[in-house]
Number of protein chains: 2
Amino acid sequence: MTNRNNGATRLTDRRTLLGATAATAAVSVLAGAAPAGADAPLPAAEPAPGLPGERGPRIGVLLYEGFTLLDATGPAEVLSRLPGATVTLLGERAGPVRTDTRDVAVLADASLDEVDRLDVLLVPGGGLEGTVGAIENPRLRQWIRRVHRHTRWTTSVCTGSVILAAAGLLTGRRATTHWASAEYIEATYGVTYVPERHVRSGKILTGAGVSAGIDMALLLASELADERTARAIQLIIEYDPAPPFDSGDASEADQELKDLALRLLSESTAR
Amino acid sequence: MTNRNNGATRLTDRRTLLGATAATAAVSVLAGAAPAGADAPLPAAEPAPGLPGERGPRIGVLLYEGFTLLDATGPAEVLSRLPGATVTLLGERAGPVRTDTRDVAVLADASLDEVDRLDVLLVPGGGLEGTVGAIENPRLRQWIRRVHRHTRWTTSVCTGSVILAAAGLLTGRRATTHWASAEYIEATYGVTYVPERHVRSGKILTGAGVSAGIDMALLLASELADERTARAIQLIIEYDPAPPFDSGDASEADQELKDLALRLLSESTAR
């Protein structure tokens, strides 16, 4: 039936809103019961080694003033669907952290002091000021080095790899970064820039600019659980990309478009 | 030079971190001067009609408890790069709003009472509980209807279109939504579900599940500014997607994978 001016929905309708399985779980939540399977990981899930008692991988996303929103939230969206996974956003201090454009603030739910063991560390990139601020923050670099010793995966998106490099993690290694930072990371930190969507070097996984974090996170999901789980997560986020334009590859962009991109980048992050 | 244990960077290095143009602007910011062009939109920019004095489109992203992170942040990332644009995250009350998985909280910087005129309204989708909560919130539905009267574009991602439908905006119209909600939106609100990445119906633009908001936002950027600007933004976010798997299209997914996706969806949002 149509329901023009009244948004109220019958329970029978609700059951179909996001598919029967999802609805069943939610209905039992509304009824105060534990949703089916909520206490045990799916068969697909692997418990995180070295974290007895935890149900799945413990993932930490580092926030700092001037980080780039999608660098952090793309992978967080993907990884938070992993069975039993906990994704925690971390900041030097707990509380709101603003993005490079200042338009959005995301809450750091824990401070660095509270966390020294993670299965996965993810360092997002930022605008110029944000990235330089992180690079020049000894406390941040030391924390990254300390946590990295025990991670299963240390990962970055965009200029996050410049921050990993500043922490001394990428010297002499292959890595990727945002196309506009490729020369910088090679000249400053002795990193071999590889123009790929994501680059693995041991347990370090670096992603290219901003949106590449989504592709990288799906690969990571298959490593942390299995390929079937990663494919299911891709279906959850309906990630069947169809950009209206074909302008995302810097190696195919003309200089004029690159210059415009850098102008928009600087103006959007300097407001 | 390599710079192993010391992240400090020389200014000359910094200038190249995100390309010369970006660095020049940032350096003037650090020096307290206005960055080049910050007070005037780029030639590409169109000032938003009906908003004299503003530099670009005024974009509002509606947050509600249980929204899906990437639904809101994918488009926010793209649209916040538009010349002079302001992207404001809105909630029933200002303050932190948690996502469907509870893993992340994003700050609503303004309450609905503070905003009644927007160039663009974007309504993200949510988990089952979050979407039902929004549907059954008369204040939210009334605010959407009121703001919609004056928008240039009213847009949604994922089950956000179900919320637009509950507000009475989609009755008898063509729209898309998350694949798992297609039957629901047709049966409950008399909407014709179109299984496309994004669907335009007058000034209403609906996006498919979660990640589709990025594609939709690039199209919207070309409408709000021009195609060249949208292409430059695509290059900024290096959106040249290369998913490691090809499982994002529900029409090609086997039932077993759909069932697993719905199980992961329900468990990740019922924790």
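Residues numbered from 1 in each chain as written. Chains lettered and ligands numbered in written order. Predicted model: local features only at pLDDT ≥ 70, side-chain atom pairs only at ≥ 80, totals over all residues. Heavy atoms only, no water.

- Taking an unreviewed UniProt entry as the reference, chain A is identified by name as DJ-1/PfpI family protein belonging to Streptomyces sedi.

Some words on the environment of Trp179 of chain A
So, point 1. On the secondary structure map, Trp179 of chain A appears in the loop between strand S8 (174-175) and helix H7 (182-189).
So, point 2. The exposure class of Trp179 of chain A is buried, given its relative accessible area of 13%.
So, point 3. Once residues lying within four places of it in the same chain are set aside, the contact partners of Trp179 of chain A are Tyr193, Ala250, Lys258, Ala261 and Leu262 of chain A together with Leu235 and Glu238 of chain B.
So, point 4. At a separation of 2.9 Å, a polar atom in the side chain of Trp179 of chain A contacts the main-chain carbonyl oxygen of Leu235 of chain B. (Helix = DSSP H or I, 4+ residues; strand = E, 2+ residues; numbered from the N terminus. Buried < 20%, exposed > 50% of the residue type's maximum accessible area, 1.4 Å probe, protein only. Contact = heavy atoms within 4.5 Å. Polar contact = N/O pair within 3.5 Å; in protein donor to acceptor, adjacent residues only side chain to side chain.)

Thoughts on the environment of Thr269 of chain A
So, point 1. As for its placement among the helices and strands, Thr269 of chain A is situated in helix H10 (residues 255-269).
So, point 2. Judged by relative accessible area, Thr269 of chain A falls into the buried class, the value being 10%.
So, point 3. As for Thr269 of chain A and Arg102 of chain A, which are separated by 167 residues in sequence, their C-alpha atoms are 7.4 Å apart.
So, point 4. Those residues in contact with Thr269 of chain A that lie beyond four places of it in its chain are Asp100, Thr101, Arg102, Gly127 and Glu129 of chain A together with Arg81 of chain B.
So, point 5. Here Leu265 of chain A takes part through its backbone oxygen, which lies 2.7 Å from a polar atom of the side chain of Thr269 of chain A.

Description of the UniProt feature "domain: DJ-1/PfpI" (unreviewed entry) in chain A
So, point 1. UniProt's entry tags residues 58-221 of chain A with the feature "domain: DJ-1/PfpI" (unreviewed entry), counted in the numbering of this structure.
So, point 2. Between the end C-alpha atoms of residues 58-221 of chain A the distance is 12 Å, and the span holds 34% helix and 26% strand. (UniProt positions renumbered as here; feature names shortened; annotations may be inferred.)

Let's talk about the sheet that holds strand S1 (residues 58-62) of chain B
Residues and elements named next belong to chain B.
So, point 1. The sheet built from seven strands is open, its strands ordered S5-S2-S1-S6-S7-S11-S10 with mixed pairing. With one partner strand each, in any of the chains shown, strand S5 (110-111) and strand S10 (198-201) form the two edges of the open sheet.
So, point 2. The pairing of S1 with strand S6 (residues 120-123) spans three bridges and is parallel. From the neighbouring strand, Ile59 faces S6, where its bridge partner is Val120.
So, point 3. Contacting S1, strand S2 (86-91), S6, strand S7 (153-157) and strand S11 (204-207), helix H5 (residues 138-148) runs over the sheet at an angle of about 150° to S6.
So, point 4. Taken strand by strand, helix H8 (residues 212-224) contacts S6, S7, S10 and S11, and its axis lies near 165° from that of S7. (Pairing = 2+ DSSP bridges. Axes fitted to C-alpha atoms, helices over the stretch in contact; angles between N-to-C directions.)

Focus: the interface of chain A and chain B
So, point 1. Taken together, the contact between chain A and chain B spans 129 residues of the former and 129 residues of the latter.
So, point 2. Counting the surface lost from both chain A and chain B, the interface buries some 11,400 Å², and carbon and sulfur atoms represent 61% of this.
So, point 3. For the pair chain A and chain B, the interface holds eight salt bridges.
So, point 4. Considering every element that reaches the side of chain A that touches chain B, the biggest residue donor is H10 of chain A, with 13 residues. (Buried area = accessible area lost by both parts, 1.4 Å probe. Salt bridge = Lys/Arg side-chain N within 4 Å of Asp/Glu carboxyl O.)

Details of the packing of H10 of chain A against helix H9 (residues 227-236) of chain B
So, point 1. Running from N to C, H10 of chain A and H9 of chain B point in directions that differ by 75°, and their axes come no closer than 8 Å. With respect to H9 of chain B, the axis of H10 of chain A lies roughly perpendicular. Seen from H10 of chain A, the contacting residues are Glu256, Leu257, Lys258, Leu260, Ala261, Leu264 and Leu265 of chain A; seen from H9 of chain B, they are Arg228, Thr229, Arg231, Ala232, Ile233, Leu235 and Ile236 of chain B.
So, point 2. Grouping the constituent residues of the contact of H10 of chain A with H9 of chain B by class yields nine nonpolar, one polar and four charged. (Parallel < 35°, antiparallel > 145°, perpendicular 65-115°, else oblique. Nonpolar A, V, L, I, M, F, W, Y, C, P; charged D, E, K, R; others polar.)

As for the packing of aromatic side chains
So, point 1. In this structure the tally under the stated criterion is two aromatic pairs over all chains.
So, point 2. Ring centres of Tyr184 of chain A and Tyr189 of chain A lie 6.0 Å apart, and the angle between their planes is 75°; this geometry places the pair in the edge-to-face category. (Phe/Tyr/Trp six-rings, centres within 6.5 Å; stacked < 30°, edge-to-face > 60°.)

Description of the side chain of Thr68 of chain A
So, point 1. With respect to the helices, strands and loops of the structure, Thr68 of chain A is situated in the loop between strand S1 (58-62) and helix H3 (69-79).
So, point 2. The class for Thr68 of chain A is buried, based on a relative accessible area of 3%.
So, point 3. Among the polar contacts listed, one links the side chain of Thr68 of chain A to the side chain of Asp100 of chain A, at a separation of 2.8 Å.
So, point 4. Not counting residues up to four positions away in its chain, the partners in contact with Thr68 of chain A are Asp100, Gly125, Gly126, Gly127 and Val210 of chain A together with Glu77 and Arg81 of chain B.

Structural notes on H5 of chain B
Residues and elements named next belong to chain B.
So, point 1. Taken residue by residue, H5 has Leu140, Arg141, Trp143, Ile144, Val147 and His148 as its buried positions. The buried residues of H5 all sit within an arc of 165° when viewed along its axis, so they share a single face.
So, point 2. With a side-chain oxygen lying 3.0 Å from the backbone nitrogen of Arg139, the N-terminal cap of H5 falls on Asn137. (Arc of directions from axis to C-beta.)

Digging into the pattern of salt bridges
So, point 1. For the coordinates displayed, the defined rule picks out 20 salt bridges over all chains.
So, point 2. The salt bridge partner of Arg197 of chain A is Asp215 of chain A, with a shortest N-O separation of 2.6 Å. Linking Arg197 of chain A in the loop between strand S9 (192-193) and strand S10 (198-201) with Asp215 of chain A in helix H8 (residues 212-224), this pair joins segments that are 18 residues apart in sequence.
So, point 3. Since its relative accessible area comes to 0%, Asp215 of chain A is described here as buried.
So, point 4. Shared partners join several salt bridges into a network, and the residues in it are Glu77 and Arg81 of chain A together with Asp100 of chain B.

Notes on the relation of the copies chain A and chain B
So, point 1. Take chain A, turn it by 180°, move it 0.0 Å along the axis, and it overlays chain B with an RMSD of 0.0 Å. In symmetry terms, the pair is related by a two-fold rotation axis. Taking the C-alpha atom as reference, chain A places Val106 of chain A closest to the rotation axis, 2.2 Å from it.
So, point 2. Most of the interface of chain A is mirrored in chain B: 100% of its interface residues are interface residues there too. (Least-squares fit on C-alpha atoms with pLDDT ≥ 70 in both.)

Remarks on the pairing of S10 of chain A
All names here are of chain A.
So, point 1. In this sheet, strand S11 (residues 204-207) lies alongside S10 in antiparallel orientation, the contact comprising four bridges. Bridging across to S11, Arg200 finds its partner in Leu205.
So, point 2. Between the end of S10 and the start of S11, which pair antiparallel, lie two residues, with Gly202 showing a positive phi angle near 65°.

Thoughts on the side chain of Thr159 of chain B
So, point 1. Counting through the fold element by element, Thr159 of chain B comes out in the loop between S7 and helix H6 (160-166).
So, point 2. On the accessibility criterion, Thr159 of chain B (0% relative accessible area) is buried.
So, point 3. Each residue touching Thr159 of chain B, except ones within four places of it in the same chain, is listed here: Leu17 and Leu18 of chain A together with Gly125, Gly126, Thr131, Thr177, His178 and Ser181 of chain B.

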